[in-house]
Amino acid sequence: MATQTGTQQQTDFGQVSRTKGIIFKNALLASALIGIVSLATLLVYVTLDAVRPETASTGWSITYLAYVLVALGTVGYFSLRNREGLQVGFSTTGLPIAGVMLGAAILVIFVDVLDDDVWFYHMVGFALAGALVYAHRKLRSSSSAYERLLVGLVVFGYVMLGIPGYFYSVPEILLIFVPFEPVRWFSLLSTFSVAAAILTGRYMAGKYDSQRTGLIAGALVFGASLVSTFAFMFAGLDPSIGTIFALTVGVPTALYVEHLYSDPESVGSRSGLLIPVVVLAGLLVVETLVGVLGFAGPEAWIDWQFLTSLPHPEAEQAGIYPALVGSVMLMAVVVVLAFPIGVGAAVYLEEYAPDNRYTRFIQLNIANLAGVPSVVYGLLGLGLFINFLNMGIGSVLVGGITLSLLILPIVIISSQEAIRAVPDSLRQASYGMGATKWQTIREVVLPRSIPGILTGTILAIGRALGETAPLIMIAAPTVTYSVPAKLSDAASAMPLMIFNWADRPQDDFQYGVLAAGVVTVLVVLLTMNSIAIVLRNRYQSEN
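Because the structure is predicted, anything quoted here is derived from the model rather than measured.

*Asks:* Which parts of the structure should I look at to understand a nonpolar patch on the surface?
*Replies:* Side chains of Tyr-168, Ile-173, Leu-175, Ile-176 and Phe-177 sit close together on the surface and give an oily, nonpolar patch of about 500 Å² of accessible area. Mapped onto the elements of the fold, Ile-176 is located in helix H6 (residues 170-177). The partly exposed category is assigned to Ile-176, whose relative accessible area is 46%.

*Asks:* Could you clarify how one ought to interpret helix H3 (residues 83-112) in this entry?
*Replies:* Compared with the 44 Å implied by 1.5 Å per residue over 30 residues, the 43 Å span of H3 between its first and last C-alpha is a close match. The N-terminus of H3 is capped by Asn-82, whose side-chain oxygen sits 3.4 Å from the backbone nitrogen of Glu-84.

*Asks:* Would you take a moment to explain the environment of Thr-527 for this structure?
*Replies:* Turning to its location among the elements, Thr-527 is positioned in helix H20 (residues 507-542). Along the sequence, Thr-527 and Gly-462 sit 65 residues apart, while their C-alpha atoms lie 9.6 Å from each other. Leave out the neighbours within four places in its chain, and Thr-527 touches Ala-98 and Met-101.

*Asks:* Sorry if this is basic, but what is going on with the confidence of the model for the protein chain here?
*Replies:* If pLDDT is low for a region, its predicted coordinates should not be looked at in detail. Mean pLDDT for the protein chain: 84, with 95% of residues reaching 70 or above. Highest mean pLDDT in the protein chain belongs to helix H15 (residues 396-420) (91); lowest belongs to strand S1 (residues 7-9) (50). Scored below 50 in pLDDT, residues 1-7 shows ten contacts in the model against residues more than four places distant or in partner chains.

*Asks:* Would you mind going over the packing of aromatic side chains with me for this structure?
*Replies:* We describe a pair of aromatic rings using the distance from one ring centre to the other and the angle between the two ring planes. For the structure on display, the rule yields eleven aromatic pairs. Residues Trp-185 and Phe-186 carry aromatic rings whose centres are separated by 6.3 Å and whose planes lie at 90 degrees to one another, so their mutual orientation is edge-to-face. Put simply, the rings of Phe-120, Tyr-121, Trp-185, Phe-186, Phe-230 and Phe-234 touch in pairs and so form one group of aromatic residues. Residue placement shows Lys-437 over the ring face of Tyr-352; its charged tip is 5.6 Å from the ring centre. Above the plane of the ring of Phe-509 lies Arg-504, whose end atom (NZ or CZ) is 4.7 Å from the centre.

*Asks:* Just checking my understanding: could you explain unusual backbone geometry for this structure?
*Replies:* Both trends apply: most residues other than glycine have a negative phi, and most peptide bonds are in trans. Positive phi is not limited to glycine here, since Arg-52 has a value of about 55 degrees. Structurally, Arg-52 can be placed in the loop between helix H1 (18-51) and helix H2 (58-81). Note on Arg-52: relative accessible area 24%, which makes it partly exposed. Non-glycine residue Ala-475 carries a positive phi angle of around 65 degrees.

*Asks:* For this particular structure, what's the right way to read the nonpolar core?
*Replies:* Nonpolar side chains tend to gather and get buried jointly when the protein is soluble and globular. If you look at the biggest cluster of nonpolar residues, it comprises 55 residues, and the most contacted ones within it are Met-331, Ile-407, Leu-471, Met-494, Trp-501 and Val-513. Elements represented by at least two residues in this core include exactly H1, helix H12 (321-352), helix H14 (374-388), H15, helix H17 (437-466), helix H19 (494-502) and H20. Filtering out sequence-adjacent residues up to four positions away, Ile-407 remains in contact with Val-334, Ala-338, Ala-460, Ile-461 and Ala-464.

*Asks:* Looking at this structure, how should I read the pattern of salt bridges?
*Replies:* Oppositely charged side chains may form a pair once their charged atoms are brought near each other. All told, the structure shown has ten salt bridges when counted by the stated rule. A salt bridge links Arg-360 to Asp-355, with the shortest nitrogen-to-oxygen separation between them at 3.1 Å. Taken together, the salt bridges that share partners define one network made up of Glu-350, Glu-417 and Arg-420.

*Asks:* Would you explain the side chain of Ser-374 in this entry?
*Replies:* Mapping Ser-374 onto the fold places it in helix H14. Note on Ser-374: relative accessible area 13%, which makes it buried. Within the local environment of Ser-374, its side chain forms a polar contact with the side chain of Glu-467, the two groups lying 3.1 Å apart. Apart from residues lying up to four places away in sequence, Ser-374 is in contact with Leu-406, Arg-463, Glu-467, Ala-469 and Pro-470.

*Asks:* Teacher, can you tell me more about the packing of H3 against helix H9 (residues 239-262) here?
*Replies:* It is the contact of H3 with H9, at a shortest axis distance of 9 Å, that shows an interaxial angle of 160 degrees. The angle between H3 and H9 places the two elements in the roughly antiparallel class. Relative to H9, H3 is oriented so that their crossing is right-handed. Residues belonging to the contact of H3 with H9 are distributed by class as follows: 15 nonpolar, eight polar and no charged.

Thresholds applied
Residues numbered from 1 in each chain as written. Predicted model: local features only at pLDDT ≥ 70, side-chain atom pairs only at ≥ 80, totals over all residues. Heavy atoms only, no water. Patch = residues over 30% accessible without salt bridge, like charges linked within 9 Å, V, L, I, M, F, W, Y side chains within 5 Å. Areas by Shrake-Rupley, 256 points an atom, 1.4 Å probe, with all protein chains shown as cover. Salt bridge = Lys/Arg side-chain N within 4 Å of Asp/Glu carboxyl O. Helix = DSSP H or I, 4+ residues; strand = E, 2+ residues; numbered from the N terminus. Buried < 20%, exposed > 50% of the residue type's maximum accessible area, 1.4 Å probe, protein only. Expected span 1.5 Å × (residues − 1). Polar contact = N/O pair within 3.5 Å; in protein donor to acceptor, adjacent residues only side chain to side chain. Contact = heavy atoms within 4.5 Å. pLDDT = per-residue confidence, 0-100. Phe/Tyr/Trp six-rings, centres within 6.5 Å; stacked < 30°, edge-to-face > 60°. Lys NZ or Arg CZ within 6 Å of the ring centre and 35° of its normal. Core = buried A, V, L, I, M, F, W, Y, C linked by side-chain atoms within 4.5 Å. Axes fitted to C-alpha atoms, helices over the stretch in contact; angles between N-to-C directions. Parallel < 35°, antiparallel > 145°, perpendicular 65-115°, else oblique. Left-handed = near helix turned anticlockwise from the far one by under 90°. Nonpolar A, V, L, I, M, F, W, Y, C, P; charged D, E, K, R; others polar.

If you want it as structure tokens, here you go:
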């Protein structure tokens, strides 16, 4: 046959060479393998420097080697026999790990940044404003959308901000006149736990179409966080840890497992729950075993002391904690700014904007801005926010806004692609049922484009987390010995801290502390990417 010969004659494409196609395919495969092997080699090299496994005792090495082989064997078995179970296993293993990191970030913000009473009283004001808006909707159910919007803006503005110079806001009144200050665990329990219980209850009520099921689910979430809080308190630990980890680790994992057992199509994949048992429970057993047997572990550079200590001239006492907190605060600003603005712009450009020369000009500029070097955004932040607006050199707010501008084009483009991928027939069907444009976007378009939006956003945030040049241009300090307490404080970041360690002449910094910092950043980035993959797979399966 002609297609099995080395070359064949085509009318439109000229002479097509099958040999060249095979060479091109193999060249691409070789390039991909070279990239993967190079990255894996780098990660292994840096990890070995950070962990120093050669300093561990023989018993510790054999025990952990056996654990790794068992874990890899379990994963290998599922990859060959049950790919759906493998995906369930990865999701169930990744959820607790991501939850621990999210909980740690929340605790860092509440321990070192926010005051307990400030948070609690602002949440009271927010709840009061929400109750007033809800009451208005009940009393004037026939009010127009503009009236509801106006009432909402006025109520939230007055309750949360007051009238400067004339009337205090509700949080300010509570801070001035209430004679007691709530402790941290009570603030977290009465805000995060109540909110999580309400959201979980509404989700379960909608899923099973039963208010009773929703009430039971909400009560279980609040009860679990309450029990975890008091369990940590009676154990002599910080009860705030129990509150947060119950919500960030326990609730998502329990909801995922509940989904597996309530979905008839997940019967074959439930065996994948064996993977987290082997990986997480096995790690706990192995750690207990080496402790009982007295096997000495490695003298790793990356440990709890490294993550929770301040920078120090001596490598053995150096820590990354202020830079870690700075990165968390910078990413909080980036998420708050870049996500709503980027998704909102994408929705407008795809669903509302007319197709004319102005829209095409905007689209072209957004695409060009996505390719602008990051140092240019740093110069923009230096000129606009520091020199012109005088917002503070190297502050958290300036750094967050600058990084938000850096990733904003990426968020817009990825969100546009996700919205554009929703079939137009779904929109037409929604319009045919009488839905308005906003109802169609809210109920049809956004739920189906969420996987792509979340994936692009989280990957963009991962890029912002690793950026150094914009922060150098806005004069963010490479080393700080204090944790930023507010947005106007100067803050360092993990990439800047690594940049500083790389400039130290001592070998312990260049080959030990530096590697520990790189592993810390990589773990955060890989965790964020894993969350993106889990969210994408979850929403894709639901849609």
